[in-house]
Each structure stands twice: as C-alpha cells, then as structure tokens.
Amino acid sequence: MDRMRYLKDPRFAGIEPFENKLWLSSPTVHGEEQYWVDEAIQTNWISTVGANINAVEKLTAELIGCKYAVALSSGTAALHLAIKLCGEMLYGRPAAGHGTLEGQRVFCSDMTFSASVNPVAYEGGEAIFIDAEYDTWNMDPKALERAFELYPDVRMVVIAHLYGTPAKMDELVAICKKHDALIVEDAAESILATFKGKQTGCFGDVSAISWNGNKLITGSSGGMLLTNNEAWAAQARKWSTQSREDAAWYQHDELGYNYRMSNIIAGIVRGQLPHAWEHLEQKKHNYELYKKGLSDLPVKMNPYDEMNTEPNFWLSCMIIDNEAMCRQVRSEKEALFNTEPGKSCPTEILEALAAFNAEGRPIWKPMHLQPIYRFHSFVTKTSDSKVRINPSSGSVHTDVGADIFKRGLCLPSDNKLTEKQIDVIVDIIHRCFM
Ligand SMILES: *Cc1c(COP(=O)(O)O)cnc(C)c1O
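Residues numbered from 1 in each chain as written. Predicted model: local features only at pLDDT ≥ 70, side-chain atom pairs only at ≥ 80, totals over all residues. Heavy atoms only, no water.

We now examine the confidence of the model for the protein. Summary statistics for the protein give a mean pLDDT of 96 and a share of 97% for residues scoring 70 or more. Below pLDDT 50 for its whole length, residues 390-394 participates in four contacts with residues either more than four positions away or in separate chains. (pLDDT = per-residue confidence, 0-100. Contact = heavy atoms within 4.5 Å.)

Our next topic: the domain arrangement of the protein. Domain annotation of the protein identifies domain 1 (3-27 + 276-368 + 396-432) and domain 2 (32-274). Contact residues are listed per partner, giving 37 residues for domain 1 and 39 residues for domain 2. By the criterion of area lost to domain 2, the three top residues of domain 1 are Ala276, Trp314 and Met367, representing 23% of everything that side buries. At the junction of domain 1 with domain 2, the criterion picks out zero salt bridges. In this structure, the connection of domain 1 to domain 2 is made through 16 residue pairs in polar contact (both at pLDDT 80 or more). Every element with two or more residues in the side of domain 1 that touches domain 2 is listed here: helix H10 (276-293), strand S11 (309-310), strand S12 (317-320) and helix H12 (400-407). Among the residues forming the side of domain 1 that touches domain 2, the class breakdown is 21 nonpolar, ten polar and six charged. (Domains from an automatic or database assignment. Buried area = accessible area lost by both parts, 1.4 Å probe. Salt bridge = Lys/Arg side-chain N within 4 Å of Asp/Glu carboxyl O. Polar contact = N/O pair within 3.5 Å; in protein donor to acceptor, adjacent residues only side chain to side chain. Helix = DSSP H or I, 4+ residues; strand = E, 2+ residues; numbered from the N terminus. Nonpolar A, V, L, I, M, F, W, Y, C, P; charged D, E, K, R; others polar.)

This part is about the pattern of salt bridges. Going through the model one piece at a time under the given rule, you end up with 23 salt bridges. Close ionic contact of lysine 291 with glutamate 306 constitutes a salt bridge, the shortest N to O distance being 3.7 Å. Of this pair, lysine 291 sits in helix H10 while glutamate 306 sits in the loop between strand S10 (299-301) and S11, placing them 15 residues apart in sequence. When salt bridges that share partners are traced, they join Glu88, Arg93, Lys238, Glu245 and Glu254 into one network.

So, in structure tokens, the structure goes:
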C-alpha cells in the first residue's frame, strides 16, 4: 500500500496521522495482574498447578454462569478438547493414531476464525460450512435446517458468535435438539455477551472461550473449556495434562495433550477478570460513537438483535450498502479498487486508515472461501444439493458470507480509543466516500 497516495490526496487534506498507532484491539493491563504474577513467582508456583489456576477456573465459571471451567493454554486447545469430547460421546474412543471424527461430518459456522473449525480436522472429521444470515452475521438457522435435510446423519454443530454478537441461539439450539446433535459453542470473541439474559458460553454442551491478547480481556494467551457436565470437565482436565492415569509411574490408557494453562498466565487472567465489564462498556461506547458518526453515510454497523441480545461489542464493524460500493476485486492475497465519488470499498477505507496509522481489518474471510477447505461442502439456505457452491462459477445460490466479506470491514476497536480519535476515524471514512 502506498501511504503517500493517501497523505497527498486532497480529499484527506488537513488530517494528521495518529502519533501512536491505533489498534484493532490490544491488551489493557490494570495492575492487579502484576500482584498475582508476582505472588506466583515469589512462591515458585509458576508451572501448571497453583492458586491462580484454581481461582480463575472458579471465578470464570461464576462470571459466565456455568458449572465447570477448565483452564487451558489457548482457546484453540479448548475448542479441540470440546470437539474431541463430543466426538467420543458420539462415536466412541478411537485407537491411538486415529481421530475421534474419522469418517464423520460436523456442521460449522462459516463466518468465523479458522481456530473454530480446524479442530474438526485435527480429529479427522470433515467440516461442512453453514452460511451466515444478515441479522447477526452468524450461522443461519435456515441454512442449518437445510444442512440436516442434506446430511441427516450429522450429530455435532460448532457455533461461533462473531465479533461478540450472539447468534440466533433459540432457533439454532432447537434445530440441534430436533436432530439430536451436540453443540460446541465458540464464545472466544463473545464473553459476557448475552442472549435473552443468558451468557454465551452457556449454550453449548461444551463451550470455549479465549484469553488471547486481542480479546475483551486477556491472559497474554490462554483459554478455557466450559461445561455443566462434571465428568466432561474432568476428562478435559486429564487430557490437557498428558492423560496420566492414577498410578505411581507414567501410565497411559489414552492419548494426552500438553494443553494446561500455566499459573503465570492464570495470574494475568485473575488480574483482568475484574475489568471485563469495564472493557465491555468501553467497547460499547466505541460502537455507539461509530454508529452515530457514520449514520449519514451509505453504511451500516454490524447488526444485532436489540430486543433479545446484548453483544460485548468486541469489534465495531461496518458494511457498505451495495449501491455505494466502488469496484473492488480481490485475488487470494491482493486487492485492487477504483475510487469513485460517493462510493468506497473496504480496501480503500482500510488503506486510508492504515495511512493515518490506524488498524482496521477485513471481515474474517469465510471458511468456504479458504483454499485449505476448498473441497468441503458449503450449505446456504437455498442449497438444493450437496454439490459445493463455487462462488466464482456464477452460481444462483445466495452466499451471505462472501457478500459480508466483500462489503464489510472491522474498524479500530481498541477499548482505549478516545472520542476524539474516533471522530478522526469517522472523518477519514467520510472522506473515502468523497
Ligand atoms: C481467538 C479465537 C479463537 C482462538 O482462540 P486462541 O486463544 O487464540 O487460541 C477461536 N475462535 C474464535 C472465533 C476466535 O476469535
């Protein structure tokens, strides 16, 4: 990207680059983290056992409202063990060297980060991607219904809440019940978000959250598996610590993993937890400022069900009206566009923001468009066969995910943004449409 092209463009005259880079979403440390980490260091409890781990498991379960939380090294590890638990429940324990999902299909949110769905492949299963809807940008219940018609044998569904906005859980849970399917809920981006008063992370048979550095709060890294099933929590804990049997020597009846959280990471999480709601309020404020500031442009914010849900507003996103999109083409790794008066596109806006030292990001590219998953099925609400829809083939089918990816973008959403900085970002976006 040619930064000078924007700095010299008369449309942006008078705007100064931000002195310090504005981030999409960066960690905010408050001080208590230091206390708990110091305590761990001073007492030598710096490994995968300790008071911080016990405390964060208890505090997180209480905060989110589930019975058990298992502290792990990442959200991805939590998703892996969640998917493995459901896989064993459904299909039994495989021999060493085989995945729990071999020969099995799993329905997965299409609009999500790859870590939601990769664990299906770790376990040898085949992810089938379910299209999104426009009301929340999450899994479309109609497409899920269609998928069960096309693949009646499927018994597991991985549902993510994109950008902190709860999916249509009433409908999705009812469909899964009807078809006797287990739910793995990916609440990595949505902690504290609620659907009809109940928090995300409580809807899955097993759920996962993440303490990655860009999430609402962070442990620097780390994640947790959540469940109301005591035996499942114990099983996940055992797997995460190399599956040692209760014996004097290293005895193993099943495969193990080194997925346990360290007491240092847990100390950081412990210091962050009291600030989770405060971060949410700051993120919500960002969203409201953007919504107001962009209201006169042909764009909309990432939508949510205002009657029934309260997102955590992790990322503020916008989507450009079809008529206001300038020409934009994307190859696998590059993008080009033609600027036009009154119109813009995500590429132009992201480049302009970057030129002035602010970090936005394209919408997460849907899984069915990822080269790694190109041979996997993708089911939309209008799918009439199992044939994978190739978006470049001029298919008549809807492809909501591809459309949101084309027209949408994530705005700088750091909880430390000031109103003045958001005003400037809003100004830059307005000038992109000039
Ligand atoms: C961040 C994220 C994950 C992975 O969490 P890590 O802690 O980074 O492993 C999984 N799913 C979604 C939707 C995420 O945003």
